[in-house]
Amino acid sequence: MLDLAKYQSIGAALKDALGQFSGEVCLIEADREREKERLTYREFQDRADPLAQALQEAGFNANDRAAIIMTNQSKWLISAYAIFHCGGVLVPLDYKLTPEEQWQLLKHSGASVLVTEYPIWRQLTASPSRASATNLKTILVTEAPPRADLSGTRRWEEFSSTGEPTFIPRQRKDVATIVYSSGTGGRPKGCMMTHENYLEQCVALTSIYAFAPGERYLSILPTNHAIDFMVGFFGPFICGAAVVHLRTLRPEYVREAFPKYKITYVSLVPLVLKNLQKGLQARFDALPSGKQKLFNALVAVNKALTKSQPRLALSRRLLKQVHQAFGGELRAIIVGGAFTEPQTLQFFYDLGIPVANGYGLTQAGTAITVNDLKPFRADTVGKPLPGMDVRILNPAADGVGEVSVRSKTVMSGYLNESELTAETIVNGWLMTGDLGRFDSTGHLQLFGRKKNMIVTEEGKNIYPEDVEAAFESLPVKEFCIFAANYIWPQRTMVGEQLLLVLHLEQGQTLTDELRRDISARNNRLLNYKRVHGLVLFTADFPRTASLKIKRNILAGRLAQQDRAAAILPL
Amino acid sequence: MRTIDQTTQEVLTLASTHFEVPADSLAPDDDFFKKLGINSLQALDLLSRLENHFGIGLPDYEVQGVSDFRTLASRIQSRL
């Protein structure tokens, strides 16, 4: 791998990686059974340079911002490379957001370039919010049908120019990306990540889980997500490894990809990992009793022999069929985006498939702690990565307090939100809002959140304030949304839910009509943003002089009710 | 050629059979995530079954942001 200590920017490191590994395969793209494309690093450069040149000719300069809204595919990475080559700032946006949310973030980011896929562009143009994003000068649309109406945009495939693009150097402290950790509907939280954040995080992660030429990473998590950007793009590229993209994420094609492409690493969110566990367990349960006994005995042997550390070669021999289903070369499943239940982690480890779980947040540059598997500790989120200074603030008698982090990987701040930045990064320490403690061996254990938000099993961060817009003008005296565990702390990171707290008008009751109105509004939200229950509150919400709800005080008053009795089904 | 009503009805029938939910408890405007109690992965699985049933290809992006049976049926209808 490249020695990242020598580099000032993502762009400079990627440029050298393309030269150093020119003959190695860097990208494989498959659409269902069909392999669509296979590119070497040299071929990648042949695609990216003309795009970078065309961007420069179109007036895209150093520090200009370019957004990408795409599903995982080769053109995502080629476009990102070209943007960094031009010294630009990348704004990776979630393709799963609604068009209105995407327009809001496009406007907020100040992006002058947008790269997107035709189906997404079709939805974006149908949205009335389009008029608001006047900052966009160049819109590139990929894979548009020949007769598609592309007025005001350019075809990505035709947007190229000859000649060698000028490489624009950036410094470590310059902003490399603006990553939205959440914030649609409310205050967009655009994390400004520097080149240093990525370079340092990559060094730390590859010190534990390194890639090598010939290895293949299956990219399933959206590349706009901090984890996939690091382990599905920057990390493998600077090591000369290959990234495999699937154009459909149907479980049957994902399963096929493991043996077909001999996958070495994959990142999954807990929801997908649990689904995989369920499928495997069903297959084990269906074995005839004799085979089942033998299988269980082999698992027990494997478990005993891998107690202190993974022994991949041995596990692959002992549990051959299981490992063959994963292609036989899988070294670890990286799981992130949300908290994973220990029993799921243990299930895979007992089969000889290490799950590299950890803990992190976008603001900290992806991962803060990672399980180094020496030994495997399913009950923790691992130890701090090299370079991470982690401490527990104001610990209670049992040692549990707020996790805070100081590191070169911590973001420089939130875009256009100096007040919020000052609340989040205090004297150089990032306040995570998560509650945890270290055990005697230096492993971090998590015990819920201090902040009013939830993280779904799909790895989505949801801030209640961002969901409230959907209930605007609801015919009640006042309302607000809370994370249930913020009101009633449960000391757990799983099963988190949002609640709609209602203060009805005097004499008003919770009628069926009001319930229907709430349900209809709730159903218009993306499924992972929906509220799960209602709570009635009979007094005025405490508010500041500027009429903002004092959420912590209100939560304290709500907590006086019994949780089970207070939450009404929606 | 099926009408949109027929397509919608077939979507409802297939969903009720596959996820073992009483057919009469499902309506076209229902949110299928909620009514079937499924997550995004199971929704992708439903898509594969609908493709097989109708003999069409239904790219993942076609159902991006779709959560009710009626819209799902209309996306299928446009590809029949």
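Residues numbered from 1 in each chain as written. Chains lettered and ligands numbered in written order. Predicted model: local features only at pLDDT ≥ 70, side-chain atom pairs only at ≥ 80, totals over all residues.

## Notes on the overall build of chain A
Step number 1: When you go through chain A residue by residue, the secondary structure sums to 19 helices and 28 strands.
Step number 2: The C-alpha radius of gyration of chain A comes to 24 Å, within 12% of the 25 Å expected for a compact globule of 570 residues.
Step number 3: By principal-axis analysis of the C-alpha atoms, chain A measures approximately 75 × 65 × 50 Å.
Step number 4: Once local pairs closer than 6 in sequence are excluded, the contacts in chain A between residues at least 24 apart make up 68%. (Helix = DSSP H or I, 4+ residues; strand = E, 2+ residues; numbered from the N terminus. Rg over C-alpha atoms; globule rule 2.2 N^0.38 Å. Contact = placed C-beta atoms within 7 Å.)

## Remarks on the overall build of chain B
Step number 1: Looking only at helices and strands, chain B features 4 helices and 0 strands.
Step number 2: Taking 80 residues into account, the globule formula puts the C-alpha radius of gyration at 12 Å, and chain B, at 11 Å, falls close to it.
Step number 3: Its C-alpha atoms give chain B principal-axis dimensions of roughly 30 × 25 × 20 Å.
Step number 4: By residue count, 19% of the 80 residues in chain B fall in the buried class.
Step number 5: Summarising the internal contacts of chain B: among those between residues at least 6 apart in sequence, 56% fall at separations of at least 24. (Buried ≥ 20, exposed ≤ 12 C-beta atoms within 10 Å, placed from the backbone.)

## Thoughts on the sheet that holds strand E26 (residues 498-503) of chain A
Residue and element names in this part refer to chain A.
Step number 1: The strand order across the open sheet formed by 4 strands is E25-E26-E27-E28, and the pairing between neighbours is mixed. Every interior strand has two partners, whereas the edge strands, strand E25 (478-483) and strand E28 (568-569), have only one.
Step number 2: Pairing between E25 and E26: 6 bridges, direction antiparallel. In the sheet register, Ala483 faces E26, and the bridge partner there is Leu498. (Pairing = 2+ DSSP bridges.)

## Topic: the sheet that holds strand E16 (residues 383-384) of chain A
Residues and elements named next belong to chain A.
Step number 1: Taken in spatial order, the 9 strands line up as E2-E1-E11-E10-E12-E13-E14-E15-E16 in an open sheet, and their pairing is mixed. Of all strands in the sheet, those bounded by a partner on one side alone are strand E2 (34-40) and E16.
Step number 2: With 3 bridges joining them, strand E13 (residues 332-335) and strand E14 (residues 355-361) adopt parallel strand pairing. The residue of E14 that forms the bridge with Val335 is Asn357.

## Quick notes on the nonpolar core
All names here are of chain A.
Step number 1: Membership of the largest hydrophobic core comes to 141 residues, with the highest contact counts inside it found for Ala67 and Ile333.
Step number 2: For this core, the leading source of residues is helix H7 (residues 226-239), giving 10 residues.
Step number 3: There are two domains that each give this core at least three residues, and those are domain 1 (4-261) and domain 2 (269-449).
Step number 4: Setting aside anything within four residues of it in sequence, one finds Ala67 in contact with Val91, Leu93, Leu106, Ser109, Ala111, Val113 and Leu114.
Step number 5: Of all hydrophobic cores here, the second largest spans 22 residues; its members include Tyr463, Ala483, Ala484 and Leu500. (Core = buried A, V, L, I, M, F, W, Y, C linked by C-beta atoms within 7 Å. Domains from an automatic or database assignment.)

## Thoughts on the interface of chain B and chain A
Often, the extent of an interface is quoted as the loss of accessible area upon association of its parts.
Step number 1: Taken together, the contact between chain B and chain A spans 14 residues of the former and 15 residues of the latter.
Step number 2: Considering every element that reaches the side of chain B that touches chain A, the biggest residue donor is helix H3 (residues 40-54) of chain B, with 6 residues.
Step number 3: Each residue belonging to the side of chain B that touches chain A can be placed in one class, and the counts come to 5 nonpolar, 6 polar and 3 charged. (Nonpolar A, V, L, I, M, F, W, Y, C, P; charged D, E, K, R; others polar.)

## Digging into the domain arrangement of chain A
All names here are of chain A.
Step number 1: For chain A, the assigned domains are domain 1 (4-261), domain 2 (269-449) and domain 3 (463-569).
Step number 2: Distance from the C-alpha centre of domain 1 to the C-alpha centre of domain 2: 27 Å.
Step number 3: Counting residues at the interface gives 28 residues for domain 1, matched by 29 residues for domain 2.
Step number 4: Of all the secondary-structure elements, those providing two or more residues to the side of domain 1 that touches domain 2 are strand E8 (175-182), strand E9 (189-194), helix H6 (195-206), H7 and helix H8 (251-261).
Step number 5: When the residues that make up the side of domain 1 that touches domain 2 are grouped by side-chain class, the tally is 17 nonpolar, 7 polar and 4 charged.

## Comments concerning the packing of helix H1 (residues 4-18) of chain B against helix H4 (residues 69-77) of chain B
Residues and elements named next belong to chain B.
Step number 1: For the pair H1 and H4, the least separation of the axes is 9 Å and the interaxial angle reads 120°. Between H1 and H4, the angle is such that the two are oblique. Crossing of H1 against H4: the hand is right-handed. In contact with Ile4, Thr7, Thr8, Val11 and Leu12 of H1, H4 contributes Phe69, Arg70, Leu72, Ala73, Ser74, Ile76 and Gln77. (Axes fitted to C-alpha atoms, helices over the stretch in contact; angles between N-to-C directions. Parallel < 35°, antiparallel > 145°, perpendicular 65-115°, else oblique. Left-handed = near helix turned anticlockwise from the far one by under 90°.)

## Structural notes on the environment of B:Ala23
Step number 1: Tracing the backbone shows B:Ala23 in the loop between H1 and helix H2 (32-36).
Step number 2: Ignoring anything within four residues of it in the chain, the contact list for B:Ala23 reads B:Leu12, B:Thr13 and B:Ser16.

## Brief notes about the pairing of strand E21 (residues 429-438) of chain A
Two faces belong to every sheet, and in a regular strand the side chains alternate between them.
Residues and elements named next belong to chain A.
Step number 1: By the bridge criterion, 4 bridges tie strand E18 (residues 401-406) to E21 in an arrangement that is antiparallel. Bridge assignment links Gly401 to a residue of E21, and that residue is Gly436.
Step number 2: Taken together, the 2 bridges between strand E20 (residues 425-426) and E21 define a ladder with antiparallel strand orientation. Paired with Ile425 across the strands is Leu430, a residue of E21.

## Remarks on unusual backbone geometry
Residues and elements named next belong to chain A.
Step number 1: A cis amide bond links Lys374 with the next residue in sequence, Pro375, at an omega value of 0°.
Step number 2: Within the secondary structure layout, Pro375 lies in the loop between strand E15 (366-370) and E16.
Step number 3: Here the phi dihedral of Leu373 falls at roughly 65°; this positive angle occurs in a residue that is not glycine.
Step number 4: Notably, Asn394 is not glycine yet its phi reads approximately 40°, a positive angle.
Step number 5: Judged by the 9 C-beta atoms lying within 10 Å of it, Asn394 falls in the exposed class.

## Some words on the packing of H6(A) against H7(A)
All names here are of chain A.
Step number 1: Packing of H6 against H7 brings their axes to within 11 Å, and their N-to-C directions diverge by 80°. Here H6 is positioned roughly perpendicular relative to H7, judged by the angle of their axes. For the pair H6 and H7, contact is made by Tyr198, Gln201, Cys202, Leu205 and Thr206 and by Met230, Phe234, Gly235, Ile238 and Cys239, respectively.
Step number 2: When its residues are assigned to classes, the contact of H6 with H7 shows 7 nonpolar, 3 polar and no charged.

## Brief notes about the environment of A:Asp372
All names here are of chain A.
Step number 1: Position of Asp372 relative to the elements: it lies in the loop between E15 and E16.
Step number 2: A tally of 18 C-beta atoms within 10 Å means that Asp372 is categorised as partly exposed.
Step number 3: Expressed as a C-alpha distance, the spacing of Asp372 and Ile462, which sit 90 residues apart in the sequence, is 29 Å.
Step number 4: With sequence-adjacent residues up to four places away left out, Asp372 is seen in contact with Ile208, Gly382 and Lys383.

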